[in-house]
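So you can see what is in the structure, the chains are spelled out below.
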Amino acid sequence: MDQRIKNWLFHPWRLRILALGSAASLTILGVLLWSGPLRQWDERSGSAVWSWGGAEKQERRVVVVDIDEKSIQALGSWPWPRERTALLLQRLDQAGVSLKLLDILFDAPRAGDEVLHQALASPIPTVAAELFSLDAGHDRYHSGILAGALPGIPCPAASLNAQGYLAPTAGLLSSTALAGHITPILDPDGSIRRVPGLICDQGKSYLSLPLAGAWAALQGEAVPQLQRGRKWTDPDWWLTVGDWRMPLDARGRYRVSYQVPRSGWVAVSAVDVLEGKVPASLLRGAWVLVGATAFGAGDAVPTPQGGAVGGVEVHAQALAALLDDRTPYTPQLASFWPVTAALLVSLGLLGVLAKTRRSAGLVLPLAGGASLFALYGLHGILLLSWHWWLGWVIPALYTVFATALLTGFELMRVRFERERLYHHLSSYLPAAVAQEISRQDPTAQVQAAHREATVLSVDLRNFSAYCEAHPPEESALLLHLFYTTATRVVEEYGGVVEQMVGDGLMAVWNGSELCVEHGRRGLAAAKALWRVLSAQLPMTGDRRSPPIDVGMGLESGMVLMGSFGPAQRRVHTVLGETVSVAAALQAMTGELACPVLVGPQLVNAVHPEGVQSLGQFLLPGLSRPRALYSLTVELDPQRLRLVYDAEERQQATA
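Let me begin by describing the structure that accompanies this report. (Residues numbered from 1 in each chain as written. Predicted model: local features only at pLDDT ≥ 70, side-chain atom pairs only at ≥ 80, totals over all residues. Heavy atoms only, no water.)

Neither face of strand β7 (residues 178-181) is exposed, since L178 and G180 on one face and A179 and H181 on the opposite face are all buried. Note that strand β3 (residues 126-133) and β7 share four bridges and pair parallel. Paired with E130 across the bridge in β7 is H181. (Buried < 20%, exposed > 50% of the residue type's maximum accessible area, 1.4 Å probe, protein only. Helix = DSSP H or I, 4+ residues; strand = E, 2+ residues; numbered from the N terminus. Pairing = 2+ DSSP bridges.)

Here's what the structure looks like:
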């Protein structure tokens, strides 16, 4: 990848914005590809919130009269004779109930219909059941006579169209009797989470059983009204029945609240009602839902609460929520919720990333997990407190993508920065030293080791005078050329440039990196370096600027290599007598007119060819004399001429 692209791309905030944009794109793609599974997961996980806010007390306003296994065993299999059902309704009237809702279909004529007709015509409001078919793939069928059509609401937009129906048989209901539909909407997992509030058939609208029951309880005092939601916090539609209101979505459905746990219902067995065993105080003034839950009754449905329950319990949940004005709904502002949640999650993750000093690979996943818990918790709080169903799975999907991409991109950026930092560090230090330092924490301790090595000290002679006579840019270019050439030659022969200071440098063989026959390699590198630098250095020399020349000193022996100094400012260097001798030999090259001087330990260890003994000398700064040797190198006649001319000019001036 081009370095400019890397520098632009790996800018921290550009990379983070790219990660969040990629997460948003993946979320949109996921919603398009997995809309069904995501919606079901949203429904299943979101419905678990009902267990948080279960009622502590029993719901006594709505009582379930259950045609259960006990009743079937005592009175015979279901369906019962019409007379027995009529007797059950009469017993409820005698107990003083205020409303009867029948989750039972009477769609076929049977013996005893006249008795049941009289029971249904009781002064106490009674709502019968009817069932619609919403499947357009089947032929339309009609059984019985529909009742309870809403006046003034001829098939509004907020309703579902029926494809057929099962209604009470002709002559069973009076002309003024009410009926409510018990049509379920099954989710892919078989659970009932939504119920059509309004169903349209042949230009007339019909209420669900709980809504029809609320209308019947008013006994004609008010007619249900349908109005559009006007506020952002409103549902698509409000269906108002007296003082109660039911929120409907754009298709006229309401969501069933399962906030009342199964243990919170007052349920009595039908046989106990018939036999007068139910306390009158339990039924007096209650709204009664009559339904069959016995095995084989065919009315068992799964719910988000788990397990299969009778359909009557679904209506009981809807009715209790209607009375408490806690029917959950999706407000109109929900269309902005995924974007708002994504922005909040993004700001949270970016804030954590900007503030933390710890590894992104640890902190970001923790922050992402906390965001998931926060999203689910917010979903639960809004559902239980404000009865808003916003959903949390799509924001959670974005959170997962954003966390994963931010973590991956951040780790990639950190790795890139570390590699760049290492490359910069290795340009100031030997690569092996830079690698070792990058793996350690700063310390104030001495970190050094002994090595048997060969040290080469190189100096640009007369460079200070050159700088005095030339612009700084030219001096810098010359020094850059010297450092670059010397480093290349030293590394070609297996050495490492350990220090570059001023107009000189020090190279070591078998120091930071292992080098076999370090003495011979050092000598060969010195010859090659002299040859290359002689061809590259400028051929200048006058009275103001003596000619540029090179002096080198070589010696072998023990050295101490390592890092020294306080933790906040360390220095890597090479110490020892061998280093001092090599530096002193380099300083003597000008006095002895020898470009390359070699120390006695290197000569004794290698016994090289092409060296000449110069005798014993006391080197500057050292206490005992040493034998010095000159390494034979090729001398450029033109450069020698410059030296001779400079010496003659100096003598003439003197």
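Still more to cover.
Another aspect to go through is the packing of aromatic side chains. Tallying each qualifying case throughout the model produces ten aromatic pairs. Ring centres of Y376 and W392 lie 4.9 Å apart, and the angle between their planes is 65 degrees; on these two criteria the pair is classed as edge-to-face. Highlighted residues: Y376 in helix α12 (residues 360-386) and W392 in the loop between α12 and α13 (393-428), separated in sequence by 16 residues. Accessibility classification places Y376 together with W392 in one group, the buried group. Taken together through their ring pairs, the aromatic side chains of F132, Y165 and Y206 make up a single cluster. A cation over a ring is seen here: R245 above W238, with NZ or CZ 3.8 Å from the ring centre. Across from the ring centre of W389, 3.9 Å away, lies the NZ or CZ of R255, which sits over that ring. (Phe/Tyr/Trp six-rings, centres within 6.5 Å; stacked < 30°, edge-to-face > 60°. Lys NZ or Arg CZ within 6 Å of the ring centre and 35° of its normal.)

If you trace the three strands from one edge of the open sheet to the other, you get β12-β13-β14, paired in antiparallel fashion. Strands with a single pairing partner mark the edges of an open sheet, and in this sheet they are β12 (225-228) and β14 (244-248). Each adjacent strand pair in this sheet contributes to an overall mean axis angle of 25 degrees, direction not counted. By the bridge criterion, five bridges tie strand β13 (residues 237-241) to β14 in an arrangement that is antiparallel. Note on β14: the bridge partner recorded for V241 is W244. Most of the contacts of helix α7 (residues 209-218) go to β13, to which it runs at about 35 degrees, and overall it touches β13 and β14. (Axes fitted to C-alpha atoms, helices over the stretch in contact; angles between N-to-C directions. Contact = heavy atoms within 4.5 Å.)

Here the focus is α7. A large share of α7 lies buried, amounting to nine of its ten residues. Three or more residues of α7 are buried, namely L209, P210, L211, A212, G213, A214, W215, A216 and L218.

Bringing the sheet that holds strand β9 (residues 192-196) into the picture now. Taken in spatial order, the three strands of this open sheet run β8-β9-β15, and their pairing is antiparallel. Of all the strands in the sheet, the pair left with one neighbour each is β8 (185-186) and β15 (253-255). Pairing between β9 and β15: three bridges, direction antiparallel. Its bridge partner lying in β15, R194 is registered against R255. Helix α3 (residues 35-47) contacts β9 and β15 of the sheet and is inclined by roughly 105 degrees relative to β9.

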